[in-house]
Amino acid sequence: MILDLDIGNTLSKWRLKDTVSSEIRSRGAVWTREEWRPGEDIPDLDVVTAVRISSVARKQVLDETVTLLRNQVGAVHVARSTREALGVTCGYEEPQRLGVDRWLGALAGHHLTGGCCSVDCGSAITVDFVLPGGRHLGGYIIPGLRLMKESLKLGTRNVAIDPDSEVDSLLAPGRNTVEAVNHGIYMAAVSAVNRLYAEVCDREGVALPLLLTGGDARVVARGLRVPHALWPDMVYAGLEALYPLTAAERAGRLSGAPELPRVADLEKIRSGLALTQML
Ligand SMILES: Nc1ncnc2c1ncn2[C@@H]1O[C@H](COP(=O)(O)OP(=O)(O)O)[C@@H](O)[C@H]1O
Ligand SMILES: CC(C)(COP(=O)(O)O)[C@@H](O)C(=O)NCCC(=O)O
Ligand SMILES: [K+]
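What you see is a predicted model, and the numbers here were worked out from it, not measured in a lab.

Rules behind the numbers
Residues numbered from 1 in each chain as written. Chains lettered and ligands numbered in written order. Predicted model: local features only at pLDDT ≥ 70, side-chain atom pairs only at ≥ 80, totals over all residues. UniProt positions renumbered as here; feature names shortened; annotations may be inferred. Helix = DSSP H or I, 4+ residues; strand = E, 2+ residues; numbered from the N terminus. Contact = placed C-beta atoms within 7 Å. Near = placed C-beta within 6 Å. Nonpolar A, V, L, I, M, F, W, Y, C, P; charged D, E, K, R; others polar. Axes fitted to C-alpha atoms, helices over the stretch in contact; angles between N-to-C directions. Parallel < 35°, antiparallel > 145°, perpendicular 65-115°, else oblique. Left-handed = near helix turned anticlockwise from the far one by under 90°.

*Asks:* Even after reading the chapter, I still don't get the UniProt feature "binding site: ATP" (unreviewed entry) in the protein, so can you show me in this structure?
*Replies:* UniProt marks Asp6, Ile7, Gly8, Asn9, Thr10, Leu11, Ser12, Lys13 and Ser123 with the feature "binding site: ATP" (unreviewed entry), using the numbering shown here. Separation in sequence by 118 residues is not matched in space for these annotated residues, since their most distant C-alpha atoms are only 13.3 Å apart. Within the element layout of this structure, aspartate 6 appears in strand S1 (residues 2–7). Among the structural elements, asparagine 9 can be located in the loop between S1 and strand S2 (11–17). In contact with asparagine 9, not counting residues within four places along its chain, are Thr32, Val56, Ala57 and Ser123.

Set out below in structure tokens:
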């Protein structure tokens, strides 16, 4: 069994993958916190023969996790952002400073589409661009929905945006504090993603497939004006691409990959952008 770990700033996600069949056997998530002990929160390590890790948590969290796992599991792969991997060149001046979750998302997205915009809606919302040919341009970081809400300190943090609400109602003027905050931050997040996507496609002269992942991907996606696909396992898929262990992975089949999203016509993206820029 392979244990994949995606340690984000809010949640540490894990899944167990069958080495032979490539099936996902179980999944879970625990809060990312200093005293996290894998042994308490994840299934029996006796069945695990390899671990693959993406972590953007504090170094100490990763170090403790790796130490613990190395005692029990032979192969522990910790992903790092590098100048080049799998045909993608990193756009950062100092590649190792790019969050490895962003790098893995970009690698998976490029593997699937040959050039894309990858958006990770977690503690932060990150928007990264990889051109056809594999040049990663860099990207954007804005606070995620939860962080934006907490920063307001209006006592609304525990009243989550209902991901099943109609988009129209999520964007309507709020008639109480909770609504005003939830609708405001929702508008901020979806406007940013819509705009950044259009700006960069316009600038680069290419309409890129748009892929989303992360805890808030579903709700953010509902407000997008352009075609897109959700890929909840996009970071895990980056781990699979970097460290292929199963037959399916070696053959380049990444788990949970969505159907290729339809891509809007560049002229349509440009006219939408022109309209936005007028306002
Ligand atoms: N059950 C949940 N528990 C916590 N956060 C959730 C949950 N469902 C959705 N979210 C949202 O998902 C975000 C965390 O998403 P995730 O992609 O796991 O973040 P990160 O990778 O930064 O830890 C939270 O900020 C919150 O807005
Ligand atoms: C931007 C991030 C905080 C996003 O983390 P997440 O929301 O997935 O927990 C993370 O990718 C990170 O710490 N990046 C390092 C800075 C950078 O990418 O430039
Ligand atoms: K993120």
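From this point, the narrative continues.
*Asks:* Help me out: how do you make sense of the site of ligand 2 in this one?
*Replies:* Taken together, the neighbourhood of ligand 2 is formed by 15 residues, with Gly8, Asn9, Gly99, Gly122 and Ser123 sitting nearest. Those elements that place two or more of their residues in the shell around ligand 2 are helix H3 (100–113) and strand S9 (124–130). Class assignment for the residues of the shell around ligand 2 results in four nonpolar, seven polar and four charged.

*Asks:* When you look at the packing of helix H6 (residues 177–204) against helix H10 (residues 266–278) in this model, what are you seeing that I'm missing?
*Replies:* Two packed helices can be described by the angle between their axes and the distance between those axes. One way to put it is that H6 packs onto H10 with a least axis distance of 9 Å and a crossing angle of 120°. The pairing of H6 with H10 is recorded here as oblique in orientation. Taken as a pair, H6 and H10 cross one another with a handedness that is left-handed. For the pair formed by H6 and H10, the contact residues are Arg195, Ala198, Glu199, Cys201 and Asp202 on the first element and Leu266, Ile269, Arg270, Gly272, Leu273 and Thr276 on the second. For the contact of H6 with H10, the class distribution of residues is five nonpolar, two polar and four charged.

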